[in-house]
Amino acid sequence: MNDDAGPVDPGGESPVSPPELHSRSVAETSSQARQLRFTGDGREYFRIWIVNVALTLLTLGIYSAWAKVRARRYLYGNVWLGDDAFDYTANPVAILRGRLLVATVLVLLWFAQILSIWYYYAAFLALMPLVPWVVVRARSFQLRRSEYRGIAFGFSGKYWDAAVWYPLSWVASIATLGLARPFTVFGRDRFLVTESSFGNRTFGYVGTPRPYYGMYVVTVIVVGVLYIGGGILLFAVVVARTMASSSDPGTAVPDVAFMMIGGVVLGGSVLLFIAAYLRTRLLSYRWNSSRLGNNEFKLDLSFSTMLWLYASNTVAIMATFGLFVPFARIRVLRYVLGQFLVFQRDDANSFESGERQRVGATGAEAAGEFGLEIGI
Amino acid sequence: MSAIPCRYFDGHDSRCREAAIAITTSGEWVVAFEDSAERLVATEVRIPNRISDTPRFIHLPGGAVCEVRDNDALDELRARLRRDREPRSETFGRLVHRLDSTWRGAAAALVVTAAILYSFTRWGAPAVAGLAVAATPQGVEALIGENALTLFQQFNLLEPSELEPNRRNEILAEFAAMREDMGVENSELRFHSADGLGPNAFALPGGTIVITDQLVDLAEHDEEIVAVLAHELGHVNGRHVIRRLAQTSSMLVLWTAFTGDVSVAALALLGPERLIALSYSRSFEREADQFATDYLFRAGIAPTRLGDILERLEERAGTGNLPSFLASHPGAKLRARNAEEAAEGLSSHPETSARANNAEEVTEDAHADTTDRE
């Protein structure tokens, strides 16, 4: 493999010359490492974002569907592989329809939980059978609306496969006190990848459950150490401060504000660790284990860089009352996409389209609400 | 007729052909290829709106795609189309691009956003809450209150009272008199022991008031208990809890719309959202304080009693009052936060000392009032 490929030469079009097309075989064809390039700019994206926000507020939320398409098109249009950018082709009206449906369900759930927690649980259970449907529709919509060189991605997952890896595997995780969790995440990844396609070619997955167990063991240990160590430290500091603040221990009052702030900092750092570590490892492993035809991917994300990005983004977003959100998104995308390599063995010209199907946007919107969004 | 270079993909395979796209005087789009004399002609073509300087993908009927990079040339070409033929959505798209491609447009959007957020916070949310409260039947409100109380008990935050029955009856008699005087008939007083919450009293939606044994013990004078109950009856009278519930929810919806992303909103905007909720509650607190001082005057009790116990509360405030998101179970933590919000606690308010001062100011105002009346 050609590992030393730097940033891709924008002029370099196809790596394989036409005569090779006929004599092509997996063993013979040399792979070319190509790096994804991200040309998005925080200031440009900020302007798009703030105009989107203003129009969304002015139209009482209706514009949000158009806003989403516009923001997405900006991001996709700035992701380059070789000499081509990606294209997002979703119809805003479909997204609006999906959002209205999701909003209706959320409002009903909200009313249910205000009236009684039991109504809420009942409504929640009643919605469970819809989860696999939502997953399949969301993934289909998102992939089918993503194009590269005039060819759309696709997803052919079926309801019952999704049912196994979503609601049913949650039950398995709970029943085994979390021991099955890494395996179900592996199964979910394999399901999502192997049912995805680009044109008429399906993605393959060569991952195994083992690394997932490794990631989760590390997570559990570090979170445990952070909580226990941080908790003891916080307790010690609070006790010391209380002792110091009062000569008579009987009337000493613990500094509640200090305890609260300490607790928030501790909880926040644990959350940041989980977000940065698990996302880094899961995303890297998922892509490193994925194949498309004879093409392979390589994504090497560094945990410390991701942790720094997440931590600084969180602070900046809070300090700017949310105005940093677009810059934060661009920063993360620039880093992640910049680390992404494609080992291309198939001719860039050789992909063919599969059959096209129309998919509504409801699933995609529900996935957005549940945080299931998966990058391209 | 000038043609713009483009990259053509037929939609069947990923091959790229260099081509040029142009428009005829009759409004037809023509794609000409470099490697052949073939020409494609299409009439119904939607040009995507321009976004910054990203490539534009023109989807032709039949699934083919033309990728154009020269955005300025494409805009010029499109401008040649007669304006009356342009679909309204495209006109709007051009307007949006004019806005978000310049800092002036972005500044205007920022001003509009800030103005909407401010006015919604200032007037919109309270108005929405007022409507929601007016539309909420008393029965539903009582149900919400019951639900919150059950939750408190489920989390072992409230346990059966250990006060002497005589002591309870004394306070209940006082409470009944107050209720009658104020005309807040739907209110009901409950005693509970609460080690976790400590000295506390709060009103629930529907009018139930909970007072903890710890607060009764903390009071150095019965008039202090009366003052606290008067304050809570002020919340019941103004239906503050249900109102705040409605305000907080409508603000959450707005913040979500603002960031366009639920997860970011939940993580990052917890701060501002809480700030807003607090500022609402502050005005409710002032209202309830005023309500209480009015009553204390009528009953011939020194309104400083309220300030006295509030200050003592602040000294002891919130032992064991950990932030709700440290609770391990996510469902439980959310419920705990809602329950906290559903109850107007006394000791959970961080600005108690400010309010103690307020109460004193109110007292002085009230003094002035009575002097005027005299």
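The structure this text deals with has already been given above.
Residues numbered from 1 in each chain as written. Chains lettered and ligands numbered in written order. Predicted model: local features only at pLDDT ≥ 70, side-chain atom pairs only at ≥ 80, totals over all residues.

### Examining the overall build of chain A
Within chain A, the secondary structure is distributed over 12 helices and 10 strands. Across the 376 residues of chain A, 34% fall into the buried class. For chain A, restricting intrachain contacts to residue pairs at least 6 apart in sequence, the fraction spanning at least 24 positions comes to 72%. (Helix = DSSP H or I, 4+ residues; strand = E, 2+ residues; numbered from the N terminus. Buried ≥ 20, exposed ≤ 12 C-beta atoms within 10 Å, placed from the backbone. Contact = placed C-beta atoms within 7 Å.)

### Quick look at helix α10 (residues 303-319) of chain A
Residues and elements named next belong to chain A. In this model α10 runs 24 Å from its N-terminal to its C-terminal C-alpha over 17 residues, within 8% of the 24 Å that 1.5 Å per residue would give. Restricting attention to buried positions, one finds in α10 the residues Met306, Tyr310, Asn313 and Ile317. The arc enclosing the buried residues of α10, seen along the axis, measures out at 70 degrees, which places them on a common side. When the buried face of α10 is taken as reference, the exposed residues oriented beyond 90 degrees from it are Ser304 and Ala319. Positive backbone phi, at 55 degrees, marks Phe321, one or two positions downstream of α10. (Expected span 1.5 Å × (residues − 1). Arc of directions from axis to C-beta.)

### Some thoughts on the packing of helix α6 (residues 159-175) of chain A against helix α7 (residues 181-194) of chain A
When two helices pack together, you describe them by how their axes are tilted relative to each other and by the distance separating the axes. Residue and element names in this part refer to chain A. Orientation of α6 relative to α7, taken along the N-to-C sense of each, is 170 degrees, at an axis distance of 10 Å. In terms of axis orientation, α6 runs roughly antiparallel to α7. Taken together, the residues of α7 that come into contact with α6 (itself represented by Asp161, Trp165, Ser169, Ala172 and Ser173) are Arg181, Thr184, Gly187, Arg188 and Phe191. (Axes fitted to C-alpha atoms, helices over the stretch in contact; angles between N-to-C directions. Parallel < 35°, antiparallel > 145°, perpendicular 65-115°, else oblique.)

### As for the pairing of strand β10 (residues 340-344) of chain A
All names here are of chain A. Among the 5 residues in β10, 4 count as buried, and that is most of the element. Alignment of strand β1 (residues 32-38) against β10, held across 4 bridges, turns out to be antiparallel. Within the sheet, the bridge partner assigned to Gln35 lies in β10 and is Leu341. Note that strand β9 (residues 295-299) and β10 share 4 bridges and pair antiparallel. Residue pairing for β10: Lys298 is matched across the bridge by Leu341. (Pairing = 2+ DSSP bridges.)

### Here's the deal with the sheet that holds β10(A)
All names here are of chain A. Strand order in this closed barrel of 10 strands is β1-β2-β3-β4-β5-β6-β7-β8-β9-β10, and the pairing throughout is antiparallel. Averaged over all neighbouring strand pairs, the angle between strand axes comes to 30 degrees, with direction disregarded. Strand direction decides the pairing type here: strand β5 (residues 151-155) and strand β6 (residues 196-198), joined by 3 bridges, are antiparallel. Looking at β6, one finds that Phe153 is bridged to Phe198. Across the sheet, helix α11 (residues 325-338) touches β1, β2 (79-81) and β10, and the angle it forms with β1 is around 175 degrees.

### Considering the sheet that holds strand β9 (residues 201-203) of chain B
All names here are of chain B. Strands sit in the order β7-β8-β10-β9 across an open sheet of 4 strands; the sheet is mixed. The open sheet has two edge strands with one neighbour each: β7 (159-160) and β9. When β7 meets strand β8 (residues 188-193), the two strands line up antiparallel, connected through 2 bridges. Along β8, the bridge assignment pairs Pro160 with His192. Packing against the sheet, helix α7 (residues 222-237) makes contact with β9 and β10 (208-212), and its axis sits at approximately 20 degrees to β9.

### Observations concerning the nonpolar core
Generally speaking, soluble globular proteins have nonpolar side chains that are buried together. Residue and element names in this part refer to chain B. One finds Ile209, Ile211, Ala227, Leu229, Ala230 and Ala292 to be the most contacted residues of the largest nonpolar core, which totals 52 residues. For this core, the element with the highest residue contribution is α7, accounting for 8 residues. Among residues more than four places away in sequence, those in contact with Ala227 are Ala292, Leu296, Ile301, Arg305, Leu306 and Ile309. (Core = buried A, V, L, I, M, F, W, Y, C linked by C-beta atoms within 7 Å.)

Shape descriptors only; they carry no functional weight alone.
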